[in-house]
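Spelled out, the chains give:
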Amino acid sequence: MTVAGPGHDAPITGEMEWDSAMYREAAAQFEKVAEMMSLDDNVRERLSRPQRSLVVTFPYRTDEYSKVRTAFGYRVQHVLTMGPTKGGIRYAPDVNLGEVAALAMLMTWKCALVGLPFGGAKGGVRIDPHELSRTELQRVTRRYTAEVIDMIGPQKDIPAPDLGTDEQVMAWIMDTYSQNQGHAVPAVVTGKPPALGGSVARREATGRGIISLLPSAALRCGVSVDGAQVVIQGFGNVGRYAAIAAAELGCRVIAVEDLSGAIHNGNGLEVGRLARHVDRTGGVAGFAGADSITHEELFALECDVLIPAAVGSVITGANVGAIRAKLILEGANNPTTLEADQALQDNGVLVVPDVLCNAGGVTVSYFEWVQDLQNYFWSENEIVSRLREIMIRAFEEVLEVSIKHKVDLRTAALMKGIKRVADAKLVRGVYP
Ligand code: GLU
């Protein structure tokens, strides 16, 4: 892809180190909105590329002591203008610089959109966390932390959980960083266990944040919340808590999928019992009181709300025609390809985009960081009510932009996020 334009000294081409299908999509999305906003050319060029990218390879010992393997690690900071950078670290067998750079860009818009004082970042390690033992995972995490240690810090860049990482991984990062500093530094990561200064409601935050938008979004597309049929792809950090919150709201969660398979019960799954089944068996498959269905069938189910809450690019040109949901709440990052997004709009499906819909996670991460810096911890009620307030306000503001400019919610959300970053860049100017 080449992006022309007066300010582009180095055109965005396939020769960029972070080039990938996913980066090209994120950049194309940005360029489309930048064009609509008539964004300043200089700012546009700066924002179309990540500011700092680090690629490392590092060794780790397997449990068979004499065997050493090499892993690839990444950390990308997209914009350093807004404050420290913020974003998760994913462990996945196919993660690469292009994916991490695209997700770092999305984090910038997400943080700006909800008004957090952060630029976007993302990290990744190319391993399959399910194949590694706990001790191997700990060694990988500590060595990766050591490799990126100069880039991270409470005032520099604050990692958090993402796909394939959890509270325990954050605890190991916090410990490794703290050992190197010589004192405890809780604010270097968020999504830690509460015993280390983690926020009590962080684990549930992304899922709860998604569902806090369900009533307002449902109103826009004629769905009644009570008894609404909800389908969720993913039952991990995000999907599990979205399912619990949806059931609490009175919706019927009729189907769920994770790595073990997909299950369906038209009368509604008993979500609490399903969560216990997953804790016991490791996956949703085999849950009594539900039929097993295929991945394709899950996406084609007649339902009111579809929540992709796992990996990226699951709603594509290939399956978008089969989707019968009226509302899509994007819990995952980048679950919809550009082509599918256009088709959903044409079919009249309302999509609440990832940068808005899953911002609850980073919002409670922000609360956690503030609490760590002040050594003053808030109650769960306080956290949950502030989260709701921020999410609903962001939704209302995005809706207003979308009505004013006659654009879809994704475009409106990006317009709002990009504008905030562009304004900051313009007043900071160029050094020297
Ligand atoms: N990984 C999450 C996201 O993509 C959370 C990031 C954070 O809490 O910093 O939004």
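The structure contained in this document is the topic of the report that follows.

Some remarks on the sheet that holds strand E1 (residues 52–61)
Strand-to-strand pairing in sheets goes through backbone hydrogen bonds, with the strands running parallel or antiparallel.
Part 1 of the argument: Read across the open sheet, the 5 strands follow the order E1-E2-E4-E3-E5; overall the sheet is mixed. Strands with a single pairing partner mark the edges of an open sheet, and in this sheet they are E1 and strand E5 (157–161). Here the average twist between neighbouring strands, direction ignored, is 20°.
Part 2 of the argument: When strand E3 (residues 85–91) meets strand E4 (residues 119–125), the two strands line up parallel, connected through 5 bridges. Each residue of the ladder has a partner; that of Lys86, found in E4, is Gly120.
Part 3 of the argument: Lying on the sheet, helix H4 (residues 134–148) is in contact with E1, strand E2 (68–77), E3 and E4; it crosses E1 at an angle near 140°.

Digging into unusual backbone geometry
Part 1 of the argument: Along the chain, Tyr431 connects to Pro432 via a cis peptide bond; the corresponding omega equals 0°.
Part 2 of the argument: Mapped onto the elements of the fold, Pro432 is located in the segment after helix H15 (409–428).
Part 3 of the argument: Located in the positive-phi region is Ser38, a residue other than glycine, with phi close to 50°.
Part 4 of the argument: Counting through the fold element by element, Ser38 comes out in the loop between helix H1 (21–37) and helix H2 (41–47).
Part 5 of the argument: Accessibility expressed as a relative area gives 63% for Ser38, which makes it exposed.
Part 6 of the argument: For Asn334, which is not glycine, the phi dihedral falls at a positive 55°.
Part 7 of the argument: Tracing the backbone shows Asn334 in the loop between strand E11 (327–329) and helix H11 (338–346).
Part 8 of the argument: Residue classification places Asn334 among the buried positions, given a relative accessible area of 12%.

Points about the site of the ligand
Part 1 of the argument: For the ligand, the set of nearby residues contains 14 residues, the closest of which are Lys86, Lys110, Pro161, Asp162 and Ser365.
Part 2 of the argument: Here an oxygen atom of the ligand sits 3.1 Å away from a polar atom, N or O, in the side chain of Arg202.
Part 3 of the argument: Surface burial for the ligand is 95%, taken as the share of its 290 Å² of free accessible area covered by protein chains.
Part 4 of the argument: Looking at the shell around the ligand, the elements that each hand over two or more residues are E3, helix H3 (97–113), E5 and helix H13 (360–374).

Regarding the packing of aromatic side chains
Part 1 of the argument: If you walk through the whole model with that rule in mind, you get 8 aromatic pairs.
Part 2 of the argument: Residues Trp18 and Tyr23 carry aromatic rings whose centres are separated by 6.3 Å and whose planes lie at 65° to one another, so their mutual orientation is edge-to-face.
Part 3 of the argument: You can call Tyr23 buried: its relative accessible area is 1%.
Part 4 of the argument: Between Tyr366 and Phe367, the aromatic rings sit 6.1 Å apart at their centres with planes inclined by 50°, giving tilted as the arrangement.

Quick word on the packing of helix H6 (residues 202–212) against helix H8 (residues 239–248)
Part 1 of the argument: Here H6 crosses H8 at 50°, and the two axes come no closer than 7 Å. With respect to their mutual orientation, H6 and H8 come out oblique. Pair H6 / H8 crosses with right-handed handedness. Within the contact between the two elements, H6 uses Arg203, Glu204, Gly207, Arg208 and Ile211 and H8 uses Tyr241, Ala242, Ala245 and Ala246.
Part 2 of the argument: Here the residues of the contact of H6 with H8 are counted per class, giving 5 nonpolar, 1 polar and 3 charged.

Analysis parameters
- Residues numbered from 1 in each chain as written.
- Predicted model: local features only at pLDDT ≥ 70, side-chain atom pairs only at ≥ 80, totals over all residues.
- Heavy atoms only, no water.
- Pairing = 2+ DSSP bridges.
- Helix = DSSP H or I, 4+ residues; strand = E, 2+ residues; numbered from the N terminus.
- Axes fitted to C-alpha atoms, helices over the stretch in contact; angles between N-to-C directions.
- Contact = heavy atoms within 4.5 Å.
- Buried < 20%, exposed > 50% of the residue type's maximum accessible area, 1.4 Å probe, protein only.
- Near = heavy atom within 4 Å.
- Polar contact = N/O pair within 3.5 Å; in protein donor to acceptor, adjacent residues only side chain to side chain.
- Areas by Shrake-Rupley, 256 points an atom, 1.4 Å probe, with all protein chains shown as cover.
- Phe/Tyr/Trp six-rings, centres within 6.5 Å; stacked < 30°, edge-to-face > 60°.
- Parallel < 35°, antiparallel > 145°, perpendicular 65-115°, else oblique.
- Left-handed = near helix turned anticlockwise from the far one by under 90°.
- Nonpolar A, V, L, I, M, F, W, Y, C, P; charged D, E, K, R; others polar.

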